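# Architecture and fold: a report
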Amino acid sequence: MKNTILLLFTFSICSVTWSQGNKKSEIDAKVSELLSKMTLEEKVGQMTQITVTIFEDPKKPGYFDPAKLKQGIQDYHIGSILNVPNPGAPTIQRWQETLTAIINEANKTRLKIPVLYGIDAIHGASYTAGATLFPQQIGLAATFNTDLVKRGAEISAYETRASSIPWVFSPDLDFPRNPAWSRMWESFGEDAYLSSKMAVALVDGFEGKNVGSKYSVASCMKHYIGYGSTYTGKDRTPSIIPERLLRQYDLTIYEAAIKAGAKSVMVSSGEINGTPVHASKHLITDILKNELGFTGVVVTDWKDIIYLHTRHKVAETKRDAVRIAIMAGIDMSMVPEEFSFYTDLVDLVQKGEVPMSRIDDAVARILRMKFELDLFQNTVANLKDYPKFGSAEHIQEAYKTAAESITLLKNNNAVLPLNKNEKILVTGATANSMKYLNGGWSYTWQGDKSDTYAADKFTILEAFQNKIGKENILYTPGADLEIENEAEIQKAVDLAKNASKIVLCLGEKNYTETPGDISNLFMSSSQIKLALALSKLNKPIILVLNEGRPRLISDFEDKMNAVIQCYLPGNEGARALVDIIYGDVNPSGRLPYNYPRYPNSLEKYNRKYTESISEGEQNDDAKYEKSYLPQYEFGTGLSYTTFTYSNLKIDKSEINSNDEINVSVEVTNSGKKAGKESILLYLSDNFASITPEFKTLKRFEKISLEPNETKTVKFTLNQKDLQFVNEDLKWISEKGTFTLQISNLKKDFVLK
Ligand code: BGC
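In what follows, the accompanying structure is described. The shown structure was predicted, so the numbers you read here are calculated from the model rather than taken from an experiment. Within every chain, residues take consecutive numbers counted from 1 along the sequence as written. Confidence filtering applies because this is a predicted model: local features only for residues at pLDDT of at least 70, side-chain atom pairs given and counted only at 80 or more, and all residues used for totals across whole chains, interfaces and linings. With hydrogens and water excluded, all non-hydrogen atoms of the structure serve as input to the side-chain values.

## With respect to the overall build of the protein
Defined as follows: What counts as a helix is a DSSP run of H or I of at least four residues, what counts as a strand is a run of E of at least two, and both are numbered from the N terminus. Only C-alpha atoms enter the radius of gyration; for comparison, a globular chain is expected to reach 2.2 Å times N to the power 0.38, where N is the number of residues. Here's how the labels work: a residue is buried when its accessible area is under 20% of the maximum for its type, exposed when over 50%, partly exposed in between, all with a 1.4 Å probe on protein chains only. Surface accessibility follows the Shrake-Rupley procedure with a 1.4 Å probe radius. Residue values consider only the protein chains on display as shielding. The charge count treats Lys and Arg as positive and Asp and Glu as negative. His and the chain ends do not count. Here the site of a charge means atom NZ of a Lys, CZ of an Arg, CG of an Asp or CD of a Glu.
Secondary structure assignment for the protein yields 20 helices and 28 strands. The C-alpha atoms of the protein give 27 Å as radius of gyration, which agrees with the globular expectation for 752 residues (27 Å, within 12%). Buried residues in the protein amount to 60% of all 752 residues. Accessible surface, the protein as shown: approximately 29400 Å² in total, 51% of it carbon and sulfur. Computed over 88 positive and 93 negative side-chain charges, the inter-centroid distance for the protein is 3 Å.

The following block contains the structure:
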């Protein structure tokens, strides 16, 4: 019987692989056939991506001027359109009409090649009115729960397809090295392993088993590569990243997502070591396409070929910028506001400056993606196929994700959970707006219209009022995000006198990209002043952080009794937050980055030993400020129950270079409340020829435990886990002792 089952199993795996292989060669054949029929102009058109708004009728925002659409699709043969029509976030019905107009126009062309529509659906179908909005990516990372994250991506895919759109510009695989960066929250935080696991969960969720299904979308990894690593922390400023480090960290995240099948990649607008990534044949063709074997579409970021000329100044003309980028390996240009790319590239090929083979490679990749997405068959969404769009079921998943992301950083004297019978003051600039909960890329680029589009959702204040009744909540904003206002502070102080506890909501405005640049990482002074004024009352203060990046709070943190980080938790975030504050949900998020204490101490958790003072270094006449003392460390996350770790075991204390190591640990809920716990396994290579990291995350798993329940959690480490990239850019391991750590338990083993 067992053998029969095994046989059947093997047969079904083989037939899946066979049918996948078969489908691939079928698609390849279709691509070659179509390519052979195409003119140079049609091919270059496929490589051209234009923003939807340039086809609009200025007198009727959101609606096409038919002549303009005809010109784009018929005359320039454009292969792709992106972005959201004015004034932002159409309904699924409006999206259906928009895509129908595009498809009808494409069907009038000679070869009827469908136009590929791409969208920034980055936390749900975030450019569609009524869609389910999830926490932003930094919050997804904080859940440490890849199943939940994958489910969220499936919902996002479903609701994006319900909007008739088959391609999302997500996941963001940036690896921020400076926490001030305005897109920190679009990333998975500071750890490459956590980012890789989350990247795979998103790609799997978006693309499913069949990317061509009406419930899946093609993903687009972005922004390849090194974008998040500017040393100023300002958007689109230079990075300096030795290739050794690029390979050790950044590239591993892309590698994982490519293995998971990611169909496309968007290139970074930045420069690394003086070369704009859009101009780097080494990074795009040699490493991404040849070494990693990426067979999908490489698209530029917004206007980035033109910027090679106007901003980066590596090309003397726009035309030369096109040559440089295409020869570096770009397949599609997000031009996106005019047609110079098309005209220049046609001319470059005609004059022999770009070979037809490069064009054919690019177009084959684009056509392959269109066939895989089944765009030649699939027309617009039949709205009847999407009954769950914006449904209670989807909203519940977004709520669960927010609830598992929100991170309790401090809870002195168990001030939380609060008692539902006490009167509280809710105050702070972020307490009463959906804009701050959603952040950027929500309905509009900067996310400034969340209060209109998500008017039926609850702000933090409203969620409190729903929970314990308006009569128990005192409220005043207390501060503006930027403008100082003593009278408003005084109002909050006066009101606080009638409350037993204060919930202080601080954070940041909604932003993304360059508009989010800051020169000062501290929380704004208008908000610090409010915190300090309230702290003088000697009433317990619960600080709620609602921010995309860790704004420094060391000026007043010691005066806060509890601190909760809710990141940018999306439309359901306030309900989840308030449920946590009252103990109806036990918090289980963990911080996916080091929260710095000082602006000149931005060490990561996987720091080198030289980043803090070592034994014997401090002498009596000198006071050293060299210290590793983040406000909160990566992985911090408290619960209302306690978890006890015991019996850490490894199955070998000596291993050879091919062995795996099996690790187990027992985790007990030793408190009184059911709870979830993410178990994090760190490894340290004690001595190595490249200075070793203090510790590195190698595995994690989230489990649920009832009070008094114990679970054994098992991990297997392999040789790759022991390796690092050496000076010759090779992954190697070296003999010696390694220390494995889970919670405060440690075990050593030796690699012989
Ligand atoms: C951003 C990308 C985004 C693209 C398309 C760019 O400005 O950097 O992340 O996908 O615009 O909207």
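Still more ground to cover, so stick around.
## Describing the state of the cysteines
Worth spelling out the cut-off: Cysteine sulfur atoms that come within 2.5 Å of each other are treated as a disulfide pair.
Under the defined criterion, the tally for this structure stands at 0 disulfides. In this structure Cys505 is not part of a disulfide, and its nearest cysteine sulfur, from Cys566, lies 7.8 Å away. A residue is classified by how much of its surface remains accessible, and Cys505, at 0% relative accessible area, is buried.

## Section: the nonpolar core
In a soluble, globular protein the nonpolar side chains are often hidden away together inside. Heads up, the rule is: Here the nonpolar core consists of buried residues drawn from Ala, Val, Leu, Ile, Met, Phe, Trp, Tyr and Cys, with membership extended through side-chain atoms lying within 4.5 Å. The contact rule is simple, with two residues in contact once any of their heavy atoms fall within 4.5 Å.
Membership of the largest hydrophobic core comes to 160 residues, with the highest contact counts inside it found for Leu345, Leu504, Leu534 and Leu697. If one sorts the elements of this core by residue count, helix α7 (residues 192-207) sits on top with 9 residues. Beyond its immediate sequence surroundings of up to four residues, Leu697 is in contact with Phe144, Asp191, Tyr193, Leu194, Tyr605, Phe634, Leu680, Leu681 and Tyr682. Judged by nonpolar contacts, the second largest core, of 39 residues, contains Ala402, Ala463, Ala562 and Ile580.

## Some remarks on the pattern of salt bridges
For clarity, the cut-off: The salt bridge definition used is simple: a Lys or Arg side-chain nitrogen within 4 Å of an Asp or Glu carboxyl oxygen.
Throughout the structure, instances matching the rule amount to 55 salt bridges. Residue Glu572 pairs with Lys457 through a salt bridge whose shortest N-O separation is 2.8 Å. With Glu572 in the loop between β18 (562-565) and α20 (573-581) and Lys457 in the loop between α16 (450-453) and α17 (460-468), this pair connects stretches of sequence that are 115 residues apart. Overall, Glu572 belongs to the buried group, its relative accessible area being 3%. With a closest N to O distance of 2.5 Å, Lys467 and Asp579 form a salt bridge. Taken together, the residues Lys467 in helix α17 and Asp579 in helix α20 connect sequence positions 112 residues apart. Taking the relative accessible area as the measure of exposure, Lys467 reaches 27% and is therefore partly exposed. Judged by its relative accessible area of 15%, Asp579 falls in the buried class. What emerges from the salt-bridge pattern is a single network uniting Lys289, Asp331, Arg358, Asp361 and Arg365.

## What to know about unusual backbone geometry
For the peptide bond that leads from Asn86 to Pro87, omega is -5 degrees, which places it in the cis range. Look at the link from Tyr224 to Ile225: it is a cis peptide, with omega at 0 degrees. One non-glycine residue, Phe144, lies in the positive phi region at around 50 degrees. By the element assignment, Phe144 lies in the loop between α5 (137-143) and α6 (146-162).

## Concerning the side chain of Glu56
Within the fold, Glu56 resides in strand β2 (residues 56-57). One buried charged residue, Glu56, remains without a salt bridge, the closest side chain of opposite sign being Arg94 at 7.5 Å. Setting aside anything within four residues of it in sequence, one finds Glu56 in contact with Pro61, Gly62, Tyr63, Phe64, Asp65, Lys68, Pro85 and Asn86.

## What about the sheet that holds strand β24 (residues 710-717)?
Note the threshold: Whether two strands pair comes down to DSSP finding at least two bridges between them. To obtain each axis, a line is fitted to C-alpha atoms, and for helices this fit is confined to the stretch in contact; angles are then taken between N-to-C directions over 0 to 180 degrees.
Taken in spatial order, the 3 strands make up an open sheet running β19-β21-β24, and their pairing is antiparallel. Each of the sheet's edge strands pairs with one partner strand only, and the pair in question is β19 (643-650) and β24. With direction set aside, neighbouring strand axes in the sheet form an average angle of 20 degrees. For β19 and strand β21 (residues 661-669), the ladder comprises 6 bridges, and the chain directions are antiparallel. Considered in β21, the bridge of Ile650 is made with Val663.

## Some remarks on the site of the ligand
Quick reminder of the rule: Residues are classed as near a molecule or strand on a simple rule: at least one heavy atom within 4 Å of it. Whenever two N or O atoms come within 3.5 Å, that pair is a polar contact, provided that in protein one can donate a hydrogen and the other can accept it, and provided that, for residues adjacent in sequence, both atoms are side-chain atoms. Classification used: nonpolar for Ala, Val, Leu, Ile, Met, Phe, Trp, Tyr, Cys and Pro, charged for Asp, Glu, Lys and Arg, polar for all others including Gly. An automatic or database domain assignment provides the domain bounds reported here.
The local shell around the ligand holds 13 residues, among which Asp120, Arg183, His223, Asp301 and Glu513 are the closest. With respect to the ligand, the side chain of Asp120 contributes an N or O atom lying 2.4 Å from an oxygen atom. Computed on the free molecule, the ligand has an accessible area of 310 Å², of which 95% lies beneath the protein chains in the complex. Grouping the constituent residues of the shell around the ligand by class yields 6 nonpolar, 1 polar and 6 charged. Domain assignment of the residues forming the shell around the ligand places at least three in each of domain 2 (120-263 + 373-387) and domain 3 (275-361).

## Section: the packing of aromatic side chains
Applicable threshold: Each aromatic pair joins two rings of Phe, Tyr and Trp (for Trp, the six-membered one) with centres within 6.5 Å, and gets the label stacked for planes under 30 degrees apart, edge-to-face for over 60, and tilted for any other angle.
Counting across every chain of the model gives 24 aromatic pairs. Summarising the aromatic geometry, the rings of Tyr76 and Tyr342 are spaced 5.2 Å apart at their centres and angled 90 degrees between planes, so their arrangement reads as edge-to-face. Here Tyr76, found in the loop between α3 (66-75) and β4 (80-82), pairs with Tyr342, found in helix α12 (residues 340-350); they are 266 residues apart in sequence, far enough to count as distant. Assessed through its relative accessible area of 9%, Tyr342 is described here as buried.

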